[in-house]
Amino acid sequence: MKLGSGQSTDEAGSVIGKRSEAAYMRERKVVPGGSMRAASWLQPHPPYAARGEGCWVIDIDERRLLDCANNFFSLIHGHAFRPVLDAVRDAMTTGTAFGMPTESEILLAEALAARSPRMEQTRFCNSGTEAVLAAIKGARGLTGRYRIAKFEGCYHGAYDWVEVSLDPTPSNWDDENGNPASVRCNAGTPESVLQEVVVLPYDDPQRCADILRREGATLAAVIVDPNASRAGTVPMSKETAAVIQDACRRDGIILIADEVISFRLSYEGASPLFGLEPDLITTAKIIGGGLPIGAVSGRAEYMAVFDHSAGKPKVSMGGTFSANPLSMAAGLASLEHYSRPVVERLNKLGDALRDRISNGLADAGVAATVTGMGSLFRLHIGAGKVTGYRSAFPTAEAAKLIRRIQLAMLNENVLLTPNCSGSLSSPMTEVEVFSIADKLVHVVEKELGAYQGSSN
Ligand SMILES: Cc1ncc(COP(=O)(O)O)c(C=O)c1O
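Criteria and cut-off values
Residues numbered from 1 in each chain as written. Predicted model: local features only at pLDDT ≥ 70, side-chain atom pairs only at ≥ 80, totals over all residues. Heavy atoms only, no water. Pairing = 2+ DSSP bridges. Helix = DSSP H or I, 4+ residues; strand = E, 2+ residues; numbered from the N terminus. Axes fitted to C-alpha atoms, helices over the stretch in contact; angles between N-to-C directions. Parallel < 35°, antiparallel > 145°, perpendicular 65-115°, else oblique. Left-handed = near helix turned anticlockwise from the far one by under 90°. Contact = heavy atoms within 4.5 Å. Nonpolar A, V, L, I, M, F, W, Y, C, P; charged D, E, K, R; others polar. Salt bridge = Lys/Arg side-chain N within 4 Å of Asp/Glu carboxyl O. Buried < 20%, exposed > 50% of the residue type's maximum accessible area, 1.4 Å probe, protein only. Phe/Tyr/Trp six-rings, centres within 6.5 Å; stacked < 30°, edge-to-face > 60°. Lys NZ or Arg CZ within 6 Å of the ring centre and 35° of its normal. Near = heavy atom within 4 Å. Polar contact = N/O pair within 3.5 Å; in protein donor to acceptor, adjacent residues only side chain to side chain. Areas by Shrake-Rupley, 256 points an atom, 1.4 Å probe, with all protein chains shown as cover. Core = buried A, V, L, I, M, F, W, Y, C linked by side-chain atoms within 4.5 Å.

**Quick look at the sheet that holds strand S8 (residues 197–200)**
1) Next: Here seven strands make up an open sheet; going across it, the order is S6-S12-S11-S10-S9-S7-S8 and the pairing mixed. Every interior strand has two partners, whereas the edge strands, strand S6 (121–125) and S8, have only one. Direction aside, the axes of adjacent strands within the sheet are offset by 20° on average.
2) Next: Examined bridge by bridge, strand S7 (residues 147–151) and strand S9 (residues 219–224) share four bridges and lie parallel to one another. Bridging across to S9, Ala149 finds its partner in Val222.

**Structural notes on the pairing of strand S5 (residues 64–67)**
1) Next: Here strand S4 (residues 56–59) pairs with S5 via three bridges, running antiparallel. When the bridges of S5 are listed, Val57 appears paired with Leu65.
2) Next: Turn length for the S4-S5 hairpin, with the two strands adjacent in sequence and antiparallel, is four residues, and the turn residue Glu62 shows positive phi of about 70°.
3) Next: Note: S5 against strand S15 (residues 414–415), two bridges, orientation parallel. Bridging across to S15, Asp67 finds its partner in Leu415.

**What to know about the packing of helix H3 (residues 82–92) against helix H11 (residues 325–336)**
The description of two packed helices rests on the angle between their axes and on the distance between the axes.
1) Next: Viewed as axis vectors pointing N to C, H3 and H11 meet at an angle of 155°, and their least axial separation amounts to 8 Å. When the interaxial angle is binned, H3 and H11 end up roughly antiparallel. For the crossing formed where H3 meets H11, the hand is right-handed. Contacts from Pro83, Val84, Ala87, Val88, Ala91 and Met92 of H3 reach H11 at Pro325, Leu326, Ala329, Ala330, Ala333 and Ser334.
2) Next: Split by residue class, the contact of H3 with H11 holds eleven nonpolar, one polar and no charged.

**Quick word on the pattern of salt bridges**
1) Next: Tallied over the full model, the rule gives 20 salt bridges.
2) Next: We note a salt bridge from Arg249 to Glu277, for which the minimum N-O separation is 2.7 Å. Placement of the pair is Arg249 in helix H9 (residues 238–251) and Glu277 in the loop between strand S10 (254–258) and strand S11 (280–284), with a sequence separation of 28 residues.
3) Next: Residue Glu277 is classed as partly exposed on the basis of its relative accessible area, which comes to 37%.
4) Next: Glu268 is paired through a salt bridge with Arg340; the nearest N and O atoms lie 2.8 Å apart. A residue pair is termed long-range when its members are at least 10 positions apart, and Glu268 in the loop between S10 and S11 and Arg340 in helix H12 (residues 340–364) qualify at 72 residues.
5) Next: Looking at Arg340, the relative accessible area reads 43%, which means it is partly exposed.
6) Next: Ionic contacts of the salt-bridge type, sharing partners, join the residues Arg51, Glu53, Glu62 and Arg64 into one network.

**Structural notes on the environment of Gly54**
1) Next: Along the chain, Gly54 falls in the loop between strand S3 (49–53) and S4.
2) Next: A residue is classified by how much of its surface remains accessible, and Gly54, at 22% relative accessible area, is partly exposed.
3) Next: Residues Gly54 and Ser425, 371 residues apart in the sequence, show an inter-C-alpha distance of 8.4 Å.

**Some words on the packing of aromatic side chains**
1) Next: Per the counting criterion, the structure on display carries six aromatic pairs.
2) Next: Pairing Phe151 with Tyr202 gives two aromatic rings, centres 6.1 Å apart and planes at 85°, and the pair type is edge-to-face. A residue pair is termed long-range when its members are at least 10 positions apart, and Phe151 in strand S7 and Tyr202 in the loop between S8 and helix H8 (205–215) qualify at 51 residues. Across the pair, Tyr202 and Phe151 agree in class, each one buried.
3) Next: Ring centres 5.9 Å apart and planes at 65° place the aromatic pair Tyr389 and Phe393 in the edge-to-face group.
4) Next: You can call Phe393 partly exposed: its relative accessible area is 29%.
5) Next: Taken together through their ring pairs, the aromatic side chains of Trp173, Tyr389 and Phe393 make up a single cluster.
6) Next: If you follow Arg230 out to its NZ or CZ, it ends over the ring of Tyr155, 4.5 Å from the centre.
7) Next: We note Arg356 situated over the ring of Phe434; from NZ or CZ to the ring centre the distance is 4.1 Å.

**Some words on the site of the ligand**
1) Next: Lining the immediate environment of the ligand, one finds Ser127, Gly128, Thr129, Tyr155, His156, Gly157, Asp225, Asp258, Val260, Ile261 and Lys285.
2) Next: Thr129 is positioned such that a nitrogen or oxygen atom in its side chain is 2.7 Å from an oxygen atom of the ligand.
3) Next: For the ligand, whose free accessible area comes to 390 Å², the fraction covered by protein is 82%.
4) Next: Of the residues contributing to the shell around the ligand, the split by class is three nonpolar, five polar and three charged.

**Details of the nonpolar core**
1) Next: Phe124, Ile287, Leu379, Ile405, Leu424, Ile436 and Val444 are the most contacted members of the largest nonpolar core, which has 51 residues in total.
2) Next: Listed by contribution, the elements that provide at least two residues to this core are helix H4 (103–115), H11, H12, strand S13 (368–373), strand S14 (376–381), helix H14 (396–411) and helix H15 (430–455).

**A closer look at the sheet that holds S13**
1) Next: The three strands are arranged S13-S14-S16 in an open sheet whose pairing can be described as antiparallel. Looking at strand neighbours, the two that pair on one side only are S13 and strand S16 (421–423), the edges of this open sheet. Taking each pair of neighbouring strands and ignoring which way they run, the sheet shows an average axis angle of 20°.
2) Next: Taken together, the three bridges between S14 and S16 define a ladder with antiparallel strand orientation. Within S16, the residue paired with Leu376 across the bridge is Ser423.

**Structural notes on the packing of H4 against H11**
1) Next: It is at 8 Å that the axes of H4 and H11 come closest, and there the two elements cross at 35°. Taken as a pair, H4 and H11 cross one another with a handedness that is left-handed. Between H4 and H11, the contacting residues are Ser104, Glu105, Leu107, Leu108, Ala111, Leu112 and Arg115 on the first element and Pro325, Ser327, Met328, Gly331, Leu332 and Leu335 on the second.
2) Next: Classifying every residue of the contact of H4 with H11 by side-chain character gives eight nonpolar, three polar and two charged.

This is a description of form; function is not addressed.
And the structure:
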């Protein structure tokens, strides 16, 4: 059946094309919610992508959007990056999956090892979620303990244990001692899972130290993303990083750095920037060049927990499409072009973007801030300083404004994620970056002005 054409206007005045509308009406009959993931949902429904060209995505209504979502920060080189396309095409013509190892997995594992001595060995899987769950199982196998600690509000994928306290609210986020409570994210998560997860404050090193002193000896792992997107896309303080590093050493806890997003922050990954020396590192997104991937890496002595070569390993890790040659080839091409100079250039562009937005917001006198690090950024409504999940937690009005701003940016042909965060990609130059910044300042000024006008 052919889909329609034309354009429709939603409540915030954003133009979403008729073809996307028709696609959505059709999809909602066969897919709950009418699209595959809540993360790309927006009201009244998202535009549908047709194709990508560098830092642009073109929707099925032929609207060109400057893509800051980059498939949730996984496309470091934007869309249809020629070296990735060539590598995948070459790999594809010789077969897509084998019940045998391929040399391509050696090459990508070596590329990671060459970037960081803490990635001496790697096991690949197909998503960040799988990587995190394998790393946690690995930590349990290494320590013989099963509880874990994670930071409040931080996202580490869809494994029950790391979803604990993903989205607590002011009404339930404190326990009776004023520490972060273990809060259920999904209906039906067993009580036992909540008891097995210790929740740490992202921006309170003293409290974090106290909790770890009390619970440390029971923990298999502490998992940390030091620039966690859901905790505000704000870098973790060196004090908090030192607290968890010390506790892990003291109590024999496996430190898992979840660099699924933050690996992009430097050539060696995020951990060295925070003085962290993780035992296991999880990556995904950019290391797959736009194809599905996940990876657990670590020094050989830790990765031995997955070693099956002498019989049943302590922890099994494998999967039908793990290390498939297409993802391996795409990932290798992507990393080869994410060289030190490219990392530095993108990080400088990120600094320029955040400076321009901050200055623009200050000049406009609006109560909003931008956070981020390297090539990542996120907008927050409100005048307060954002230091972690709680200070990033939007009021109901701020949440509504964020949704309106995302739509208004779409109307300006810029695609942000639903919480108004974004990432830069290597095809972008100062032209695109300043355009994003100037449009965002303009839109925030307009939406906040309209809101203040209506609430006066
Ligand atoms: C820090 C972090 N860990 C894990 C994941 C899960 O990765 P995936 O979506 O590939 O399962 C994500 C996804 O956004 C993430 O941001």
